[in-house]
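Observations on chain architecture
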Amino acid sequence: MTRFRPLAWFRSRPLRSRLALLTAFAVAVAVAAVSLACWFVTRAQLEAELDSSLRNSKLDSGSVETLLTLCRQGTTPPPMAGGSYTVQVILANGFVCTSGQAPIPADPADLAVARGRLTYALHTVKDEDGREMRVYTYPQPGPPGLAVSVARPLAEVDNSMSTLRWVLLLVSGIGVVGAGAAGLWVARTGLEPVNRLTGAVEHVAATEDLTVRIPVDGEDEIARLSRSFNAMTAALATSRDRQAQLIADAGHELRTPLTSLRTNVELLARSEETGRAIPADDRRALMASVKAQMTELAALIGDLQELARPDTARPGPLEVVPLHGILRSALDRARLRGPELTFVTDLAPWYVRAEPAAIERALVNVLDNAVKFSPPRGTVEVTLMRGELAVRDHGPGIPPDELPHVFDRFWRSPSARSLPGSGLGLSIVARTVHQAGGSATLAPAPGGGTVATLRLPGAPTPPPSVVADEGRDEA
């Protein structure tokens, strides 16, 4: 038999049911506390009023003498005060004379009052009929040895308290049920935005429709959650669109070299199949074209792999590296690609925290861009001053309406579509510089050409730990 676990059962209920139950429970506890307090205070007040009425109900000497005379004659005294009180005369020797419905046992405290040992006595006893009576005993003025007890039944208080008890139970029950219903209504109303959010999430999970938006009203937590959900779906939709665009652009860029490569390979294969040899010069040109296309494909695939990495992922650990040293190495590679160009450099020491291979690739891309657009026997000016690298060429420049797109993936200026490249170089530059905490811009240069500016945070001197490591390496 499965054991019932209230806590587990409560946790398995829907949220609106739990809220309604908690509300009803809280109201029930509050109502119970108030009802108990009301019950005890009312009972104490009624008992105090009963005691006060007993203290004020004293018999005169004549009535006491009449009562004693009747008792000594063997006559049962009639009830006094309209029957609402029971009166007893108690003598010091223990003799009791009762006027009422049933005699009340004389308590030792009553005898102590009659004998002058106590000034009064107030207590509760049961009469011979079994009724609880509240008794007040006081000494009768005159000769000692005589006391009078005045009693009233506690049923007067109990009846009132019984009525009050049923009233409190009824009101408490109505309050708890009403609180539960109100809690359920409040829970349903308050959780309606959550239900809409849940429906939207389930719809997105089932259909992958990222155009769903939740109406936002107010500034509460639910509104903030709705705004966050809308922002998330918008970001996911943008990411999916960018992914689809990246795949389309990559397919477009890959199609050209693959088509050319396939054409050249088919020419070589047809020559082998037909036995018609291709002239040596043409064959060397075909092989050079195949090699160039293979190199272009490899570079394009490498760029795609670099851009496919998440922005938070890094190819390697960050290190403190000399930007001026890496820039000199990149300049050596750029000179090989533009041997007819003149490079004017002014490099001040600057150390940055970055991934060495990634930052070198970014610098090579910037310099390659300058080499590509420089005129024959042109000049490329490279300066590095206090973390700001400026690379200027004297080429045709970039129209102002094209500047906002220069760092987009696969974007290429219409005037540069005949030049080699995939349109990913500057995107990789912007990404790498951003990961290093810097910024990259491209702007027209005064007098013609383009200047690329990279700003990287760092310092003109390396940290002491790097200096110590370099000293150990040299030793």
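Please read all numbers here as calculations on a predicted model, not as lab measurements.

Basis of the calculations
Throughout, a residue's number is its position along its own chain's written sequence, starting from 1. Side-chain atom pairs in this predicted model are given and counted only at pLDDT of 80 or more, local residue features only at pLDDT of at least 70, and totals for whole chains, interfaces and linings cover all residues. In computing side-chain values, all of the structure's heavy atoms are included and hydrogens and water are not. Numbered from the N terminus, helices here are DSSP runs of H or I no shorter than four residues, and strands are runs of E no shorter than two. Each residue is placed in one exposure class: buried if its accessible area under a 1.4 Å probe, protein chains only, is under 20% of its type's maximum, exposed if it is over 50%, and partly exposed if it falls in between. Residue contacts are defined here by distance: any two heavy atoms, one from each residue, within 4.5 Å place the two residues in contact. Note that accessible areas follow from Shrake-Rupley with a 1.4 Å probe, and for residues the cover is restricted to the protein chains shown. For salt bridges, the criterion is a side-chain nitrogen of Lys or Arg within 4 Å of an Asp or Glu carboxyl oxygen. Disulfide assignment relies on a single distance test, namely cysteine sulfur atoms paired within 2.5 Å. When DSSP locates at least two bridges between a pair of strands, those strands are taken to pair. Axis definition: a line fitted to C-alpha atoms, over the contacting stretch in the case of helices. Angles run 0 to 180 degrees between N-to-C directions. Among the buried residues, those of types Ala, Val, Leu, Ile, Met, Phe, Trp, Tyr and Cys that are joined through side-chain atoms within 4.5 Å form a nonpolar core. One confidence number per residue, pLDDT, is output by the predictor and ranges from 0 to 100. Helices are assigned an expected span. That span is 1.5 Å times one less than the residue count.

Quick word on the overall build of the protein
- From N to C terminus, the protein includes 12 helices and 13 strands.
- The proportion of buried residues among the 475 residues of the protein is 35%.
- If you take every contact in the protein between residues at least 6 apart in sequence, the share linking residues at least 24 apart comes to 60%.
- With an accessible surface of roughly 27,800 Å², the protein has 59% of that area assigned to carbon and sulfur atoms.

Looking at the pattern of salt bridges
- Overall, the coordinates contain nine salt bridges when judged by the stated rule.
- With a closest N to O distance of 3.8 Å, Arg333 and Glu360 form a salt bridge. Residue Arg333 is located in helix 9 (residues 323-337), and its partner Glu360 is located in helix 10 (residues 356-373); the two are separated by 27 residues in the primary sequence.
- Given the relative accessible area of 35%, Arg333 is considered partly exposed.
- Looking at Glu360, the relative accessible area reads 24%, which means it is partly exposed.
- The partner of Glu388 in a salt bridge is Arg455, and the shortest N-O contact between them spans 3.2 Å. Placement of Glu388 in strand 10 (residues 388-392) and of Arg455 in strand 12 (residues 450-455) is noted, with a sequence separation of 67 residues between them.
- Of the residues examined, Glu388 reaches a relative accessible area of 35% and is grouped as partly exposed.
- Salt bridges sharing common partners tie together Arg43, Glu47 and Asp158.

Some thoughts on the state of the cysteines
- Counting across every chain of the model gives one disulfide.
- Sulfur-sulfur distance for the disulfide between Cys71 and Cys97 comes to 1.5 Å. Negative torsions about the S-S bond denote left-handed disulfides, and the value of about 65 degrees found for Cys71 with Cys97 makes this one right-handed. Pair noted here: Cys71 is in helix 3 (residues 61-72) and Cys97 is in strand 2 (residues 96-99), with a separation of 26 residues, a long-range link.

Quick notes on the sheet that holds strand 8 (residues 351-354)
- Read from one edge of the open sheet, three strands run 6-8-13, paired in antiparallel fashion. Edge positions in the sheet fall to strand 6 (319-322) and strand 13 (458-459), since each has one partner strand and no second.
- Alignment of strand 8 against strand 13, held across two bridges, turns out to be antiparallel. Residue Val352 lies in a different strand from strand 13, and its bridge partner there is Gly458.
- Along the sheet, helix 9 contacts strand 6 and strand 8; its crossing angle with strand 6, the most-contacted strand, is approximately 60 degrees.

Considering the nonpolar core
- The biggest cluster of nonpolar side chains holds 35 residues, and the ones touching the most others in it are Leu323, Leu327, Leu363, Leu367, Val382, Leu389 and Val391.
- Taken together, the elements giving at least two residues each to this core come down to helix 9, strand 7 (342-347), strand 8, helix 10, strand 9 (379-385), strand 10, helix 11 (425-435) and strand 12.
- Tallying contributions element by element places helix 10 first for this core, with eight residues.
- Sequence-distant contacts of Val391, defined by excluding residues within four places in its chain, comprise Val366, Leu367, Ala370, Val380, Glu381, Val382, Thr450, Val451 and Ala452.
- Ranked by size, the runner-up nonpolar core spans 15 residues in total, among them Leu54, Val64, Leu67 and Val148.

Focus on the pairing of strand 5 (residues 146-153)
- Counted residue by residue, strand 5 has eight buried out of eight residues, so it is predominantly covered.
- Side chains of strand 5 alternate between two faces, with Leu146, Val148, Val150 and Arg152 and Ala147, Ser149, Ala151 and Pro153 buried alike.
- For strand 1 (residues 86-91) and strand 5, the ladder comprises six bridges, and the chain directions are antiparallel. Bridging from a neighbouring strand, Gln88 pairs with Ser149 of strand 5.

A look at the environment of Cys38
- Note that Cys38 resides in helix 2 (residues 15-55).
- Judged by relative accessible area, which is 31%, Cys38 ranks as partly exposed.
- The spacing of Cys38 and Leu164 is 126 residues in sequence and 9.3 Å in space, taken between C-alpha atoms.
- If we ignore the near neighbours within four places in the chain, the residues touching Cys38 are Leu164 and Leu168.

Section: the confidence of the model for the protein
- Across the protein, the average pLDDT comes to 79, with 84% of residues at 70 or higher.
- Below a pLDDT of 50 lies the segment residues 467-475, which in the model reaches one contact outside its immediate sequence neighbourhood of four places, other chains included.

Some remarks on unusual backbone geometry
- Unusually for a residue other than glycine, Arg377 sits at a positive phi of about 55 degrees.
- Of note, Arg377 is situated in the loop between helix 10 and strand 9.
- Even without being a glycine, Arg386 presents a positive backbone phi close to 50 degrees.
- Relative to the elements of secondary structure, Arg386 occurs in the loop between strand 9 and strand 10.
- Taking the relative accessible area as the measure of exposure, Arg386 reaches 68% and is therefore exposed.

Some words on helix 5 (residues 155-190)
- Its 36 residues place the ends of helix 5 50 Å apart at the C-alpha level, agreeing with the 52 Å of an ideal helix rising 1.5 Å per residue.
- Considered for burial, the residues of helix 5 that qualify are Val157, Met161, Leu164, Leu168, Ser172, Ala179, Gly180, Gly183 and Ala187.
- On its buried side, helix 5 packs onto helix 2.

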